[in-house]
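Given next are the chains, with one letter for each unit.
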Amino acid sequence: MAFNNRTKINLLLESAKTDDQVTLMGWVRTKRSNKNVAFIALNDGSCIQNFQVVADPQNIPEEILKKVNTGACLKVNGKIVPSQGSGQSSELLADEIIVLGEADPEKFPIQPKRHTMEFLRENAHLRIRTNTFSAIFRVRHNLAFAVHQFFHNKGFFYIHSPIITASDAEGAGEMFRVTTLDPKNPPLTPEGKVDYSQDFFERETNLTVSGQLEGELAALALSDIYTFGPTFRAENSNTTRHLAEFWMIEPEMAFYDAEDNQNLAEEFLKYIISFALTNCGNDLEFLANRASEEEKTKKADQRSDMTLIEKLNFVVENKFIRITYTEALDILRQSTPNKKKKFTYPIEDWGMDLQSEHERYLVEKHFNKPVIITDYPKAIKSFYMKQNDDGKTVAAMDILFPGIGEIVGGSQREERLDKLEERMEELQISREEMWWYLDTRRFGTTPHSGFGLGFERMVQFVTGMANIRDVIPFPRTPGNAEF
Ligand code: ATP
Ligand code: MN
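What you see is a predicted model; the values in this text were computed from it and never measured.

## Thoughts on the side chain of Q262
Logical step 1: Along the polypeptide, Q262 turns up in helix α7 (residues 258-279).
Logical step 2: Taking relative accessible area as the criterion, Q262 reaches 10% and is therefore assigned buried.
Logical step 3: Setting aside chain neighbours within four positions, we find Q262 in contact with R322, I372, T374 and M397.

## Re the site of ligand 1
Logical step 1: Neighbouring ligand 1 are 15 residues, the closest being H242, L243, E406, I407 and R457.
Logical step 2: Within the contact set of ligand 1, a nitrogen atom lies 2.9 Å away from a side-chain nitrogen or oxygen of E235.
Logical step 3: L243 has a polar backbone atom sitting 2.9 Å from a nitrogen atom of ligand 1.
Logical step 4: Breaking the shell around ligand 1 down by element, the ones donating at least two residues are β11 (245-254), β15 (405-412) and β16 (448-454).
Logical step 5: Top contributing element to the shell around ligand 1 by residue count: β15, with four residues.

## Here we look at the sheet that holds strand β4 (residues 73-82)
Logical step 1: Pairing is mixed in the closed barrel, where five strands are placed in the order β1-β2-β3-β5-β4. Averaged over all adjacent pairs, the angle separating strand axes in this sheet is 55°, with direction ignored.
Logical step 2: As paired elements, strand β1 (residues 21-33) and β4 share seven bridges and run antiparallel to each other. Its bridge partner lying in β4, Q21 is registered against K79.

## Considerations on the domain arrangement of the protein
Logical step 1: Taken as a whole, the protein is organised into domain 1 (9-108) and domain 2 (129-174 + 209-470).
Logical step 2: On a C-alpha basis, the centres of domain 1 and domain 2 stand 45 Å from each other.
Logical step 3: Contacts between the two partners involve nine residues from domain 1, matched on the other side by nine residues from domain 2.
Logical step 4: Buried surface at the junction of domain 1 and domain 2, both sides included, amounts to about 670 Å², of which 43% is carbon and sulfur.
Logical step 5: Here domain 1 is connected to domain 2 by zero salt bridges.
Logical step 6: Tallied by class, the residues present in the side of domain 1 that touches domain 2 amount to four nonpolar, four polar and one charged.

## Focus on the pairing of β1
Logical step 1: Examined bridge by bridge, β1 and strand β2 (residues 38-43) share six bridges and lie antiparallel to one another. Looking across to β2, one finds that T30 is bridged to A41.
Logical step 2: The hairpin formed by β1 and β2 contains four residues between the paired strands.

## Side note on the sheet that holds strand β6 (residues 157-158)
Strand-to-strand pairing in sheets goes through backbone hydrogen bonds, with the strands running parallel or antiparallel.
Logical step 1: Taken in spatial order, the eight strands of this open sheet run β6-β10-β11-β16-β15-β14-β13-β12, and their pairing is mixed. Strand pairing shows two members of the sheet lacking a second neighbour, β6 and β12 (321-324), which therefore form its edges.
Logical step 2: Together, β6, β10 (224-232) and β11 form the strand contacts of helix α5 (residues 131-153), whose direction differs from that of β10 by roughly 150°.

## Concerning the packing of helix α10 (residues 325-334) against helix α12 (residues 356-366)
Logical step 1: Between α10 and α12, the least distance of the axes is 11 Å, while the angle of their chain directions is 80°. By the angle between their directions, the pair α10 and α12 is classed as roughly perpendicular. For the pair α10 and α12, contact is made by A328, I331 and L332 and by H358, Y361, L362 and H366, respectively.

## With respect to unusual backbone geometry
Logical step 1: The phi torsion at E202 lies on the positive side, around 60°, for a residue other than glycine.
Logical step 2: Note on placement: E202 falls in the loop between β8 (177-178) and β9 (205-207).
Logical step 3: Exposure remark for E202: the relative accessible area of 60% places this residue in the exposed category.
Logical step 4: Despite not being glycine, D375 has its phi angle at roughly 55°, a positive value.

## Comments concerning the pattern of salt bridges
Logical step 1: Within the structure shown, the criterion is met by 27 salt bridges.
Logical step 2: Between R121 and D470 there is a salt bridge, with the nearest N and O atoms lying 2.8 Å from each other. With R121 in helix α3 (residues 117-122) and D470 in the segment after α15 (455-463), this pair connects stretches of sequence that are 349 residues apart.
Logical step 3: Between K381 and D398 there is a salt bridge whose closest N-O contact spans 3.2 Å. Of this pair, K381 sits in the loop between β13 (371-377) and β14 (393-401) while D398 sits in strand β14, and the two are 17 residues apart along the sequence. Just as K381 is buried, D398 falls in that class too.

Rules used throughout
Residues numbered from 1 in each chain as written. Chains lettered and ligands numbered in written order. Predicted model: local features only at pLDDT ≥ 70, side-chain atom pairs only at ≥ 80, totals over all residues. Heavy atoms only, no water. Helix = DSSP H or I, 4+ residues; strand = E, 2+ residues; numbered from the N terminus. Buried < 20%, exposed > 50% of the residue type's maximum accessible area, 1.4 Å probe, protein only. Contact = heavy atoms within 4.5 Å. Near = heavy atom within 4 Å. Polar contact = N/O pair within 3.5 Å; in protein donor to acceptor, adjacent residues only side chain to side chain. Pairing = 2+ DSSP bridges. Axes fitted to C-alpha atoms, helices over the stretch in contact; angles between N-to-C directions. Domains from an automatic or database assignment. Buried area = accessible area lost by both parts, 1.4 Å probe. Salt bridge = Lys/Arg side-chain N within 4 Å of Asp/Glu carboxyl O. Nonpolar A, V, L, I, M, F, W, Y, C, P; charged D, E, K, R; others polar. Parallel < 35°, antiparallel > 145°, perpendicular 65-115°, else oblique.

Right under this line is the structure:
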């Protein structure tokens, strides 16, 4: 006989009728009891709400009830009855409780009280059982689903770009090496260097930092594609916005110029946020309350005057600001924090890279809206970006979000072979190794564009979580790969 004949709590909450006979399975969040009755809050992860189980010690043996502790896993058979208490309209009157898995209340780390985020990260294997983390991961799922739905509806194809790559031309950050050579005794070349020609792939290989280059190959065949996969950066940046392993969504479109690219990115970001607003109402409400509590601990001038839900609606309803790097630099130069020397990096000459303090000033203080910055100096951007006619800038775009900073980086790509080769030469990027990439410009090239959205930064924005480590189930950061 099959085991899984239970009803999920999210469905039960929609359809429970008095006298229905149902089976629930889930984990105990709390138990309150006296000698006449026990109230058990059961959660099965299907939604933020618990379902209240009522156990009458006359029906349920005491030795069973003793095992019903926070964290234990139960199967409950019973009957739906109208609830006497407030907080729910109906509850489950238990005929039978089977303890599927006990949890020693002395040892189970996740007790029904407020834990710090640090403590929960150290218990990442169990933190998913909290309201906060289960809500985050349900929202994360919905955002991922929305990504696929958005692109599928627009006729984009999902391309699986490789995770192991030999190209390190992207220059997006330090890479993790992939090798099967013996670290104690690797084969050496006559010059005394590690001889990777004897390695598994007969060359040096790394974990990918981006699927873009392969994405471009596919776009120049299928027109509109996107990738959505893990990317890796061995940068030693311990910030609240960086992971060593994160997920990136990278659409790439033939026949798109820089403006088409900006339009698509704006429509895409708004779509997935509204999808979450429509489909994750209860979880977002819970997370919004959590975020409001968090706001109260901040200094008055750092506090946001919008709730999380208001912020999300605001982004969906308002047009993003679009300015060039040059305009952004002028605004920053004239800004009060720059004049009062409040920036750690003062605004200097045209050509300087924008630091996150500058980006945050623009989105959070000056515009208070998402901002698309375009046309950056070519020296601070990648080799593949389309060179503008001014000879100084490239058709790049970064999208900055309040509270997050950079969420998207993208560009129109340089489709002219001579211009691309010239730039590679200047940057000493090997044209021989990149022969396959350059072939797209040799055979049937066309204007094309794309961008990369850091998925976790989007999940952060939608859930209001301050630290990127709290929006991926098992974060990988310097020193952390336990779970
Ligand atoms: P940053 O300046 O914030 O380090 P980047 O310029 O290195 O970002 P890109 O190489 O353009 O970023 O990558 C595209 C997107 O991937 C970024 O806009 C961001 O959303 C996300 N991203 C980049 N690095 C990380 C990281 N280490 N962890 C999580 N997301 C990241
Ligand atoms: Mn970076």
